[in-house]
Amino acid sequence: MIRDEKVFDLIAQERARQMNSIVLIASENFVSYQFLEAMGSVMTNKYAEGYPGKRYYGGCQIVDQTEQLAIDRAKELFNAEWANVQPHSGAQANMAVLMAVLKPGDVFMGLDLSHGGHLSHGSPVNSSGILYRTVAYRVEAETGLINYDKMEETALRERPKLIIAGASAYSRDWDYARMRKIADQIHAILMADIAHPAGLIAKGLLNDPLKHCHIVTTTTHKTLRGPRGGMIMIGKDFENPWGLKTLKGETKMMSALLDSAVFPGVQGGPLEHVIASKAVAFGEALTETYMNYVIQVKKNAAVMSQAFVDKGYHVISGGTDNHLMLIDLRSKFPEITGKVVENTLVKADITVNKNMVPFDSRSPFQTSGLRVGTPAITTRGFKEDKMPVIVDLIDQVISKIDSEEVILAVKKKVNELMRDYPLFAD
Ligand code: DSN
């Protein structure tokens, strides 16, 4: 067979880009070589619609074992009673939950996308906002924090059947216990989407949603540092608290409703090569090495956030409890958009993503903010002493946003720095 040089040349270019850049995208990370081996394995050849021991295809005796291993390790890692490791992504995990607990047209509540929420939590351009009626809760303008009293008021008024805790650009911990009290008053299901801070939660560095939420969804590739994918878990609430019924009117256990919603509800055959890699990820996350990694992720984020503040930037909510921070550029550079900063930093081999800040006057395509996170640079080996150095490089570029000379000088420094933090050294 002729090797496809065109594609492999592009892969080599992407690998070089990753090796030479400072990656600060809060949702990205670098997997170790054994993940790539598992994902690029013969497991991709197998069709396995169904679940371990209950498949629609023969020859599943091996993939049953890898999938069961992934489930068992996920349960151990999060202290969960049940897990479904088949969702192809976090968005599909969320879609499956909505399908399991709501009927089209039902009301649910999530954090406003422009205040740090996620597309799949009710954005009008996503199936979650098209098929269901959504009400949003928001953060406060002065503090950048979620106001749980206002959330309660909205919930009691609108009576959503599902409330979602979780965000893709919120740097503070969540009060799941308080949210459960709100949900219980209106017999709503409480779901936490922990796609971003999952690794920190697994290792006890943030509040544990599994103790309070009926359902927890996550991705496996952000702080969890596994393959790209999703997962759904249940902590202790198997009992189907409010007598949920299927569309056919049958009352079922929550786990059964969720299994059916993932397959055949929103997905067909599971990606068994990715599931094998998820098993590797959960195994790695159970180690002491991973514990040290997430401790460092959190430490790096706290120091980096302070370094931005020291340079005169406004960090939304004043800091961070987790792995990310949201920078409001207007405090220092009111004329410069997040889009311009993102594009200019890329030229200096620093990758961040533009992000709306709460109450942003600019559109999501321009934005007044940047979202910055430390999972990927921590995997590269950066410790907190280098956080002010990175912030200084970013500040040099933004301060002289039109200077090609500064961009080139910073790019040179970035590439030199990254040579000391090898990627794929193994
Ligand atoms: N797009 C992901 C993120 O960057 O947070 C969430 O899906």
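See the structure above.
Our subject in this report is the structure included herewith. Per chain, residues are indexed from 1 in the order of the written sequence. Where totals are concerned, whole chains, interfaces and linings use all residues; where local detail is concerned, this predicted model gives features only for residues with pLDDT of at least 70, and gives and counts side-chain atom pairs only at 80 or more. To get the side-chain values, take all heavy atoms of the structure and skip hydrogens and water.

1. Examining the site of the ligand
- What surrounds the ligand is the set Ser 27, His 118, Ser 168, His 196, Lys 222 and Arg 371.
- Polar contact is the term for a pair of N or O atoms within 3.5 Å; when the atoms are in protein, one must be able to donate a hydrogen and the other to accept it, and sequence-neighboring residues count only if both atoms are side-chain atoms. Contacts to the ligand include Arg 371, whose side-chain N or O atom sits 2.7 Å from an oxygen atom.
- Accessible surface is estimated by sampling points in the Shrake-Rupley manner with a 1.4 Å probe; for residues, cover comes only from the protein chains shown. Relative to its unbound accessible surface of 230 Å², the ligand loses 62% to contact with the protein.
- For this scheme, ten residues count as nonpolar: Ala, Val, Leu, Ile, Met, Phe, Trp, Tyr, Cys and Pro. Four count as charged, namely Asp, Glu, Lys and Arg, and the remainder, Gly too, count as polar. Of the residues assigned to the shell around the ligand, the class counts are no nonpolar, four polar and two charged. Near is defined per residue: the residue qualifies when any heavy atom it owns lies within 4 Å of the molecule or strand.

2. A short note on the packing of aromatic side chains
- Stacked, edge-to-face and tilted labels apply to pairs of Phe, Tyr and Trp rings (six-membered ring for Trp) whose centres lie within 6.5 Å, assigned for plane angles under 30 degrees, over 60, and everything in between, in that order. In this structure the tally under the stated criterion is nine aromatic pairs.
- When the centroid spacing of 6.1 Å and the interplanar angle of 50 degrees are considered together, the rings of Tyr 313 and Phe 333 count as tilted. Of the two residues, Tyr 313 is situated in the loop between helix H11 (288–310) and strand E11 (314–315) and Phe 333 in the loop between strand E12 (324–328) and helix H12 (338–347); the sequence distance between them amounts to 20 residues.
- The class for Tyr 313 is buried, based on a relative accessible area of 4%. By definition, any uninterrupted DSSP run of H or I lasting at least four residues is a helix, any uninterrupted run of E lasting at least two residues is a strand, and each is numbered from the N terminus. Buried residues are those whose accessible area, probed at 1.4 Å on protein chains only, stays under 20% of the maximum for their type, while exposed residues exceed 50% and partly exposed ones sit between those limits.

3. Re the packing of helix H3 (residues 61–78) against helix H10 (residues 272–285)
- One can describe the packing of H3 onto H10 by two numbers: an axis separation of 8 Å at closest approach and a directional angle of 35 degrees. In the crossing of H3 with H10, the sense of the turn from one axis to the other is left-handed. Residue-level contacts link Val 63, Thr 66, Glu 67, Leu 69, Ala 70, Arg 73, Ala 74 and Leu 77 of H3 to Glu 272, Ile 275, Ala 276, Ala 279, Val 280, Phe 282, Gly 283 and Ala 285 of H10.
- The residue makeup of the contact of H3 with H10, split by class, is 11 nonpolar, two polar and three charged. Under this scheme, a helix contributes an axis fitted over its contacting stretch, all axes are lines through C-alpha atoms, and angles between N-to-C directions fall in the 0 to 180 degree range. Each crossing gets its hand from how the near helix is turned against the far one by less than a right angle, where anticlockwise is left-handed and clockwise is right-handed. In what follows, a contact means two residues having at least one pair of non-hydrogen atoms within 4.5 Å.

4. A short note on the side chain of His 196
- Note on placement: His 196 falls in the loop between strand E8 (189–193) and helix H8 (198–202).
- Here His 323 takes part through its side chain, which lies 3.0 Å from a polar atom of the side chain of His 196.

5. Things to note about the sheet that holds E8
- A strand pair is defined by DSSP finding two or more bridges across the two strands. Read from one edge of the open sheet, seven strands run E4-E10-E9-E8-E7-E5-E6, paired in mixed fashion. The open sheet has two edge strands with one neighbour each: strand E4 (82–84) and strand E6 (133–137). On average, each strand axis in the sheet is tilted by 20 degrees relative to the strand beside it, whichever way the strands run.
- Bridge count between strand E5 (residues 107–111) and strand E7 (residues 162–165): two bridges; the pairing is parallel. The residue of E7 that forms the bridge with Phe 108 is Leu 162.

6. What to know about the side chain of Ser 123
- By the element assignment, Ser 123 lies in the loop between E5 and helix H5 (127–131).
- On the basis of relative accessibility, which here comes to 7%, the residue Ser 123 falls in the buried class.
- Aside from chain neighbours lying at most four places away, what touches Ser 123 is Leu 113, Ser 128 and Gly 129.

7. Quick word on the nonpolar core
- Definition used in this section: a nonpolar core is a set of buried Ala, Val, Leu, Ile, Met, Phe, Trp, Tyr and Cys residues joined via side-chain atoms within 4.5 Å. With 51 residues, the main nonpolar core has Phe 78, Ile 163, Trp 174, Met 179, Ile 194 and Met 233 as its most contacted residues.
- Here this core takes five residues from H3, the largest share from any one element.
- Filtering out sequence-adjacent residues up to four positions away, Phe 78 remains in contact with Ile 194, Ala 198, Ala 202, Leu 210, Leu 224, Met 231 and Met 233.

8. A closer look at the pairing of strand E9 (residues 215–219)
- In terms of residue burial, E9 counts as a mostly covered element, since five of its five residues are buried.
- Burial along E9 is two-sided: Ile 215, Thr 217 and Thr 219 facing one way and Val 216 and Thr 218 facing the other are all buried.
- Examined bridge by bridge, E8 and E9 share three bridges and lie parallel to one another. When the sheet's bridge partners are listed, Met 191 is paired in E9 with Ile 215.
- Strand direction decides the pairing type here: E9 and strand E10 (residues 230–234), joined by four bridges, are antiparallel. Along E10, the bridge assignment pairs Thr 219 with Gly 230.

9. Concerning empty space enclosed by the protein
- In this analysis the probe radius is 1.4 Å and the grid spacing 1 Å, with only protein atoms considered; a cavity is a set of points the probe fits into but cannot get out of, a pocket is an open set with protein on both sides within 12 Å along at least five of seven lines, and lining residues have an atom within 4 Å of a point. Grid points are joined across faces, edges and corners, and a volume is the space filled by probe spheres set on the points. Summed over all chains, the structure comprises three cavities of 30 Å³ or more.
- By volume, the largest cavity is sized at about 100 Å³.
- Along its surface, the largest cavity is lined by 14 residues, and Tyr 170, Arg 172, Trp 174, Pro 197 and Asn 322 are the ones closest to its centre.
- Grouping the constituent residues of the lining of the largest cavity by class yields eight nonpolar, three polar and three charged.
- The volume enclosed by the second largest cavity comes to roughly 60 Å³.
- Contributing to the lining of the second largest cavity are His 115, Val 139, Gly 144, Ala 169, Tyr 170, Ser 171, Arg 172, Ile 316, Ser 317, Leu 326 and Pro 358.

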